[in-house]
Amino acid sequence: MWTISSGLFLGWSLGANDSANVFGTGVATGIVKYRTAIVLTSIFVMLGALLEGAKCIDTLTDLYRLIPLEAFICALAAALTMTGLTFLAVPASTSQAVVGAIIGAGVLSGSAHFSSLYKIVACWVFTPVSALVLGYLCHRGLGFIVEHTIRNITHRNLFNSLGILAAGCYGAYCLGSNNVANVTGMYVGAGLVSPLAAAFIGGASISLGVLTYSKKVMMTVGKGIVPLDPFSALTAVLAQAGTLHLFTQIGVPVSSSQAIVGAVVGVGLVADAQTISMRMLLRICIGWLATPTAAGFLAFVPLWIISFL
Amino acid sequence: MKIAEFMTTRIEYIDADKSVYDAVEILVDRRKRSVVVRNAPGKDDYGIVTARDVVFKVLAKGLNPKDVKLSEIASGPLICMSPDTEFDEIALIMEKNKIARVYVCEKGEILGLVSLLDLMSAELIMRARGENVS
Amino acid sequence: MFLEKLFSHGKKEREVIHDISRHIELLSAACKTFRHGLEKHDRNLMQEVATLERYGDAVRREVISHIYEGAFLPYLRTDLCGFVEIVDQVFEMLKDIATLFLRSPLPEKIERQCCMVALLNQRVSEMLLLTFKAMSNGEDIREKTLAVRIYEKKVDDIKYDLLESLQDVPVDNFWKGRMLADFVSGLTRISDIIEDATDALQIINVMTR
């Protein structure tokens, strides 16, 4: 069971990083207290992992069935890739790192199923795109409804407060359901744990990351990403959560960071605002290439060395 | 809303025996659209000269404004209203008589004037207050 | 905090809105009292203005403490407090000129114009209240802000006439002249500050849409 430790580390860092995508704006702008945010996030991440986490776990196990050692190395490779790219300020996706690492292990053994990979890569590309569309529609549609139904300043304020809380909870649920596969999915394929146990362990490690180490990222990412007014923050998180939930139904773990970026751009388009620079876009594209490549390399090399021992 | 609440209080006066040029100086320097002409000193007998009168009755005819006396071009008498008159009534009077201003008078004394701009402003204020506007 | 928000149904926010309305109502009452005091040369009414200013101060402190106890989202709080502070400036100005009036009688030559400005100040403060109520109900405030600007422009017109008339008013000494000048300056400045308050409301209105 020691092989699960790298997965727990991966889950912990995912929780510490990605919780900012859910409640980052709320906490950084003072709408939601940090303590409230982390408690709600951990509860709903667990719920999402337990109720719908299995859907994405199956996709990863289909890609390549790992042995326990491979699972350990892959999780470690993914975690190291995430750490390195975060250090270089390249938006890194845990999903892409994990898939890249699994493919790296699969390439070494010669039995990876590349047909599944095409579906996964297509979903990665469409994540920010669908989040953009959903963000635009959400902001426009909900904006129209609110404008014509909630006019009073007090009611509007209440709607924004509760809306951000609700959107955050939904976002946390979708984060858990979509990303728990990244953390412990590979151990299911290795036969170490059942899907339910994997969902529980993965959800718990993500929640632990949220509870213990998310503050710094929440404050910087929350202030850095986003739209300034509460309603835009609400619709961006809603769009991001919706996107993750959609891809959970398809069964592919995707990046919540790239989803929130796409959602913010979509929301910004409603007001014709320039919310993303070409530089940021370039960084995201580099991330798409660099993340799975680096993780694959980091998984391939140690396994190749071990194969000679 | 009563007209006394929103009238222009600054009125420029000039004697009838002065030249049109003197009136023009007042219109330009004080940025006014009209000047009240005192037809007879010490009496409540007034006329009015506007930029329109100066242009159409003097300048357009090629006359020298320094040679024309105000008594020759002043219109009168002034249309005077009580300070308690409502703005809605003024609107109808101005529209009916095709005039751009009325004077607010009490016991023979001119207290102020209400121009089209004052009328427009007052109507907008009444709209903002939610008062019935004709 | 989460459960409190869920079950309070915006009670704190409603209290703040009610308090701010009360603050502006007090301002209108103070402007009305000042105007009547000026027209009737009533010293008691002028002294009443200072009392109303003190009540206004108390309400302002309540508003700010309610806001920072958690009413409204943080992004609105600074602007709401800013608005209340601007209204308080009007109270201060009114109290100052009421005090000046008590110390130095008004020359007859400028009395009528000053009374006219006082009336306009009362009307513009009433318009401010209507504007705030409309804004808090989510109504369009464009017509009301225009009305405030119209009033302010009217006061400006009278101000230039007042300043001209003042030049012909004899004064016994520098300090009496200074007090008279401060009185006229303060009286005509009130509508300017109320216009600033309306602009602050417009900003809050845009932020909440």
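Thresholds, definitions, all that
Residues numbered from 1 in each chain as written. Chains lettered and ligands numbered in written order. Predicted model: local features only at pLDDT ≥ 70, side-chain atom pairs only at ≥ 80, totals over all residues. Helix = DSSP H or I, 4+ residues; strand = E, 2+ residues; numbered from the N terminus. Buried ≥ 20, exposed ≤ 12 C-beta atoms within 10 Å, placed from the backbone. Contact = placed C-beta atoms within 7 Å. Nonpolar A, V, L, I, M, F, W, Y, C, P; charged D, E, K, R; others polar. Pairing = 2+ DSSP bridges. Axes fitted to C-alpha atoms, helices over the stretch in contact; angles between N-to-C directions. Core = buried A, V, L, I, M, F, W, Y, C linked by C-beta atoms within 7 Å. Parallel < 35°, antiparallel > 145°, perpendicular 65-115°, else oblique. Left-handed = near helix turned anticlockwise from the far one by under 90°. Expected span 1.5 Å × (residues − 1). pLDDT = per-residue confidence, 0-100. Right-handed = clockwise from strand over helix to strand, strands pointing away. Bend = angle between axes of the 7 residues up to and from the residue.

1. Notes on the overall build of chain B
Tallying secondary structure elements over chain B gives five helices and six strands in all. When the helices and strands of chain B are read in sequence order from the N terminus, they spell out β-α-β-β-α-α-β-α-β-β-α. Along the longest, intermediate and shortest principal axes, the C-alpha atoms of chain B span 50 × 30 × 25 Å. Taken over 134 residues, chain B has a buried fraction of 25%. When contacts within chain B are restricted to residue pairs at least 6 apart in sequence, long-range pairs at least 24 apart make up 58% of them.

2. Notes on the interface of chain A and chain C
With 19 residues of chain A in contact, the opposing surface of chain C contributes 19 residues. For the side of chain A that touches chain C, the element with the highest residue contribution is helix α8 (residues 153-189) of chain A, accounting for ten residues. For the side of chain A that touches chain C, the class distribution of residues is six nonpolar, nine polar and four charged.

3. Here's the deal with the environment of R142 of chain C
Here R142 of chain C lies in helix α6 (residues 142-166). For R142 of chain C and R43 of chain C, which are 99 residues apart along the polypeptide, the C-alpha to C-alpha distance reads 38 Å.

4. Some thoughts on the sheet that holds strand β4 (residues 80-81) of chain B
Residue and element names in this part refer to chain B. Pairing is mixed in the open sheet, where three strands are placed in the order β4-β5-β6. Single-partner strands in this sheet number two, and they are β4 and β6 (109-115). The sheet contact formed by strand β5 (residues 101-106) and β6 spans six bridges and is antiparallel. Its bridge partner being in β6, V102 is matched across the sheet by V114.

5. Comments concerning unusual backbone geometry
For K98 of chain B, which is not a glycine, the phi torsion comes out positive at approximately 55 degrees. Mapped onto the elements, K98 of chain B comes out in the loop between α4 (87-97) and β5. Residues other than glycine seldom take positive phi values, yet H41 of chain C does so here, at roughly 55 degrees. Relative to the helices and strands, H41 of chain C resides in the loop between α2 (11-40) and α3 (43-68).

6. Section: the sheet that holds strand β1 (residues 13-15) of chain B
Paired through backbone hydrogen bonds, the strands of a sheet run either parallel or antiparallel to each other. Residues and elements named next belong to chain B. The three strands lie next to each other as β1-β2-β3, forming an open sheet whose pairing is mixed. In this open sheet, the two strands that pair with only one neighbour each are β1 and β3 (46-50). On average, each strand axis in the sheet is tilted by 35 degrees relative to the strand beside it, whichever way the strands run. Relative to strand β2 (residues 34-38), β1 runs parallel, the two being bridged by three bridges. In the sheet register, Y13 faces β2, and the bridge partner there is V36.

7. Some words on the arrangement of the chains
The pair of protein chains exhibiting the most contacts, out of two pairs of chains in contact, is chains A and C. Without any contact between them, chain A and chain B keep their closest C-alpha atoms 19 Å apart.

8. Some points on the nonpolar core
Judged by nonpolar contacts, the single largest core of 193 residues is most densely connected at C74, A78, A101, I102, A263 and A299 of chain A together with L94 of chain C. Ignoring anything within four residues of it in the chain, the contact list for A78 of chain A reads L10, T94, A97, V98, A101 and A295 of chain A.

9. Points about the packing of helix α1 (residues 20-29) of chain B against helix α2 (residues 51-59) of chain B
To describe two helices that pack against each other, one gives the angle between their axes and the distance between the axes. Residue and element names in this part refer to chain B. Two elements in contact, α1 and α2, have axes separated by 10 Å at closest approach and are oriented at 140 degrees. The angle between α1 and α2 places the two elements in the oblique class. For α1 against α2, the interelement crossing comes out left-handed. Taking contact as the criterion, the partners of V20, A23, V24 and L27 in α1 are, on α2, A51, V54 and V58. For the contact of α1 with α2, the per-class residue count stands at seven nonpolar, no polar and no charged.

10. Brief notes about α3 of chain C
Residue and element names in this part refer to chain C. Counted at 1.5 Å a residue, the expected span for α3 with its 26 residues is 38 Å, and the 39 Å between its end C-alpha atoms agrees. Those residues of α3 that sit buried are M46, V49, L52, E53, G56, V59, R60, V63 and I67. Tucked into the core, α3 has its buried residues touching α2 and α4 (74-103).

11. A closer look at the confidence of the model for chain C
Per-residue confidence for chain C averages 92 on the pLDDT scale, and 96% of its residues sit at or above 70. The ipTM assigned to the predicted complex is 0.78, against a pTM of 0.81.

12. Some remarks on the pairing of β5 of chain B
All names here are of chain B. Pairing analysis gives two bridges linking β4 to β5, with the strands arranged parallel. From the neighbouring strand, C80 faces β5, where its bridge partner is Y103. The handedness of the β4 to β5 crossover, carried by α4, is right-handed.

13. Description of α8 of chain A
Residue and element names in this part refer to chain A. Taking 1.5 Å as the rise per residue, α8 with 37 residues should run 54 Å; its terminal C-alpha atoms sit 53 Å apart, in good agreement. Most pronounced at V183, the bend in α8 amounts to some 55 degrees. With respect to burial, α8 is a largely interior element, 33 of its 37 residues being buried. Just downstream of α8, G191 is the residue with a positive phi angle, here 80 degrees.

14. Re the environment of G135 of chain A
All names here are of chain A. With respect to the helices, strands and loops of the structure, G135 is situated in helix α7 (residues 114-149). Once the C-alpha coordinates of G135 and T212 are considered, the two residues, 77 residues apart in sequence, prove to be 30 Å apart. Beyond its immediate sequence surroundings of up to four residues, G135 is in contact with T235, A236, A239, G262, A263, V264, V265, G266 and V267.

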